[in-house]
Amino acid sequence: IIVAVVILNYKALVISKRYGVDYTAEKVLQLRCKMHLFGVRKDEDSFALYKVLPIASAFSLQLLLAPTILSNKITGHKPASMIIPDKVKASIIQYIYVRTLLFDQILQKYINDVEQVVVMGAGYDLRALKYSKEKRIKVFELDQEPIQQLKQKCLTNAGIQQDWISYIPVDFNTESWSEKLLAKGFDVNKRTFYLWEGVASYLDENIVIKTLQTIASLSLNESIISFDYNSTKYNQGKGTLLEKTIVRLMRISGKVFRFGIDTTDANTNAVLFLEKCNLKLLELTLIGENTESAPPFSGLMVATKK
């Protein structure tokens, strides 16, 4: 376990800097590989990508999990983190697992009703590739150039077909992502599914609103926009002891949560926020219990053009 932890952290913290990529994207992929290894969410392509990704180590991950993988194969036992609860019962530790499954369900629900998919801040996510593979719907992935270059190279090395995916390198802080999207062949006259996962909470509210307004201006009425967010109280460090600890650790690592929406009267606040973005609410899912100390720590919206 010690050897595995050392290798994994060396790859994530040191090797990632050599490639100029953020290690947090690898951590999300690592969690999905754990889900795959324990049969919670089968994803052969993600695990194949993880095996060839130079900032990751599939061998070390399996070494780290060896005892629980062995017990799972023999008895069916799963570690507590892999027993995914209902979204209402989910703790902050289980959040990304629950969020992953919820976005899967949303994309599966709407994929047959759209003609193209846009993934904002895609990282090493292969969800759009997975669910559009047989349909050959056009997919556009936007992210920083170093991440995209590494991802494309590794997908090729892993033998994963990706010719219907358009990779669009963009710095969201300094460049117009919409102009780059249009220049790459995005069709404003086609119904589109926008996937924006795990990004909005790190941005200032005005940037989130501007991004969603831009999406609304590019979209047909039938287009779908899905994104997640934190509760304002969670961002402020209020809630359970575990939630407070996570927020403090994130701040120490330089990852500060900025954008949030009050989940006390979640539906009303979601509707009011979306009105600023020229969008209307279709679905709202809350993650986490509504307790006396704090409301649910996260929400996930599905919206369409107003």
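This text follows the structure it describes.
Thresholds, definitions, all that
- Residues numbered from 1 in each chain as written.
- Predicted model: local features only at pLDDT ≥ 70, side-chain atom pairs only at ≥ 80, totals over all residues.
- Heavy atoms only, no water.
- Helix = DSSP H or I, 4+ residues; strand = E, 2+ residues; numbered from the N terminus.
- Buried < 20%, exposed > 50% of the residue type's maximum accessible area, 1.4 Å probe, protein only.
- Contact = heavy atoms within 4.5 Å.
- Patch = residues over 30% accessible without salt bridge, like charges linked within 9 Å, V, L, I, M, F, W, Y side chains within 5 Å.
- Areas by Shrake-Rupley, 256 points an atom, 1.4 Å probe, with all protein chains shown as cover.
- Salt bridge = Lys/Arg side-chain N within 4 Å of Asp/Glu carboxyl O.
- Axes fitted to C-alpha atoms, helices over the stretch in contact; angles between N-to-C directions.
- Parallel < 35°, antiparallel > 145°, perpendicular 65-115°, else oblique.
- Left-handed = near helix turned anticlockwise from the far one by under 90°.
- Nonpolar A, V, L, I, M, F, W, Y, C, P; charged D, E, K, R; others polar.
- Phe/Tyr/Trp six-rings, centres within 6.5 Å; stacked < 30°, edge-to-face > 60°.
- Core = buried A, V, L, I, M, F, W, Y, C linked by side-chain atoms within 4.5 Å.
- Polar contact = N/O pair within 3.5 Å; in protein donor to acceptor, adjacent residues only side chain to side chain.

## Remarks on the overall build of the protein
Along its length, the protein carries 13 helices and eight strands. Dimensions of the protein, computed from the C-alpha atoms along their principal axes, are close to 50 × 50 × 35 Å. Here the protein holds 306 residues, and 49% of them are scored as buried. Sequence-distant contacts in the protein: of pairs separated by 6 or more residues, those separated by 24 or more amount to 69%.

## Observations regarding a nonpolar patch on the surface
Together, Val-3, Phe-59 and Leu-63 make up an exposed nonpolar region whose accessible area comes to about 300 Å². Take Phe-59: it is sitting in helix α4 (residues 58–64). Of the residues examined, Phe-59 reaches a relative accessible area of 59% and is grouped as exposed.

## Some thoughts on the packing of helix α2 (residues 23–37) against helix α3 (residues 44–52)
At a minimum axis distance of 9 Å, the contact between α2 and α3 shows a crossing angle of 125 degrees. By the angle between their directions, the pair α2 and α3 is classed as oblique. For the pair α2 and α3, the crossing hand works out as left-handed. Contact with α2, carried on its side by Glu-26, Leu-29, Gln-30, Cys-33, His-36 and Leu-37, involves Glu-44, Ser-46, Phe-47, Leu-49 and Tyr-50 of α3 and no other residues of that element. A class-by-class count of the residues in the contact of α2 with α3 yields six nonpolar, three polar and two charged.

## Brief notes about the packing of aromatic side chains
Evaluation of the coordinates by the stated rule reveals nine aromatic pairs. Both rings, one in Phe-227 and one in Tyr-229, keep their centres 6.5 Å apart while their planes meet at 45 degrees; by these two values the pair is tilted. Exposure remark for Tyr-229: the relative accessible area of 0% places this residue in the buried category. Aromatic pair Phe-259 and Phe-273: ring centres 5.2 Å apart, planes at 45 degrees, arrangement tilted.

## Re unusual backbone geometry
One non-glycine residue with positive phi stands out, namely Asn-278, at about 60 degrees. Its place among the elements puts Asn-278 in the loop between α13 (266–276) and β7 (279–287).

## Side note on the nonpolar core
Residues Tyr-50, Leu-53, Val-117, Tyr-124 and Phe-193 are the most contacted members of the largest nonpolar core, which totals 62 residues. For this core, the element with the most residues is helix α6 (residues 95–110), which contributes eight residues. Counting residues in each nonpolar core, the second largest holds 31 residues, with Phe-186, Phe-227, Tyr-229 and Met-301 among its members.

## Observations regarding the pattern of salt bridges
The final tally for this structure, using the stated rule, is 17 salt bridges. In this structure, Glu-197 engages Arg-127 in a salt bridge whose closest nitrogen and oxygen atoms are separated by 2.8 Å. Here Glu-197, found in the loop between β4 (192–196) and α10 (205–218), pairs with Arg-127, found in helix α7 (residues 127–132); they are 70 residues apart in sequence, far enough to count as distant. A single burial state applies to Glu-197 and to Arg-127, both of which are buried.

## A look at the side chain of Ser-178
Tracing the sequence through the fold places Ser-178 in helix α9 (residues 177–183). A residue is classified by how much of its surface remains accessible, and Ser-178, at 15% relative accessible area, is buried. Within the structure, the side chain of Ser-178 is placed 3.2 Å from the side chain of Ser-176, a separation counted as a polar contact. Contact partners of Ser-178, with chain neighbours within four places excluded, come to Thr-214 and Leu-218.

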